[in-house]
Amino acid sequence: DVQLVESGGGLVQPGGSLRLSCAASGYTIGRNCVGWFRQAAGKAREGVAIIGSGGDDTAYADSVKGRFTISQDKAKNMVHLQMNSLKPEDTGMYYCTANKYPSFPCTLEPTWKDYWGKGTQVTVS
């Protein structure tokens, strides 16, 4: 059974930083595409950042480019999202997600994301 457990969320002032972590079990980080999505209250879930198995193929939502950085630690089987210069509009529930198969595209769309964590809340105010 695959489990993704997020941590690191919390309340932070605008301009501050948070580092989210995703611990995976029953799944090998670095094998397939993994990433982070977020969902603000009353809005649709959106892709924030993804990273391919090679570690160099990353993509970010336009709204977070230059502020967020996704990384994967294969040795610890974890995924991280460093969030800097946070804005109130970054507020939302952040979810760790992963592709089930290596053949599935690594994109910011949720279509190919089969595994999801329960989320960690990020509030910027």
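You'll find the structure just up there.
Okay, so let's go over this structure. (Residues numbered from 1 in each chain as written. Predicted model: local features only at pLDDT ≥ 70, side-chain atom pairs only at ≥ 80, totals over all residues. Heavy atoms only, no water.)

Let's talk about the nonpolar core
Core analysis: the largest hydrophobic core is formed by 28 residues, its most contacted members being Trp36, Val48, Phe68, Ile70, Leu81, Met83 and Tyr94. Ile70 has contacts with Val34, Gly35, Trp36, Ala49, Ile50, Ile51, Thr58, Tyr60, Val79, His80 and Leu81, leaving out every residue within four places of it along the chain. (Core = buried A, V, L, I, M, F, W, Y, C linked by side-chain atoms within 4.5 Å. Buried < 20%, exposed > 50% of the residue type's maximum accessible area, 1.4 Å probe, protein only. Contact = heavy atoms within 4.5 Å.)

Details of the pairing of strand S7 (residues 68-73)
The side-chain alternation of S7 yields one buried face, formed by Phe68, Ile70 and Gln72, and one unburied face, formed by Thr69, Ser71 and Asp73. Alignment of S7 against strand S8 (residues 78-83), held across six bridges, turns out to be antiparallel. Within the sheet, the bridge partner assigned to Phe68 lies in S8 and is Met83. Turn length for the S7-S8 hairpin, with the two strands adjacent in sequence and antiparallel, is four residues, and the turn residue Asn77 shows positive phi of about 60 degrees. (Helix = DSSP H or I, 4+ residues; strand = E, 2+ residues; numbered from the N terminus. Pairing = 2+ DSSP bridges.)

Focus on the state of the cysteines
A full pass over the atoms with the stated rule returns two disulfides. The disulfide partner of Cys22 is Cys96, and the gap between their sulfur atoms is 2.1 Å. Between Cys22 and Cys96 the disulfide shows an S-S torsion of about -80 degrees. By sign, it is left-handed. Of this pair, Cys22 sits in strand S3 (residues 18-25) while Cys96 sits in strand S9 (residues 92-99); the two residues are 74 residues apart in sequence, bridging distant segments of the chain. The two residues Cys22 and Cys96 agree in class, both being buried. (Disulfide = S-S within 2.5 Å.)

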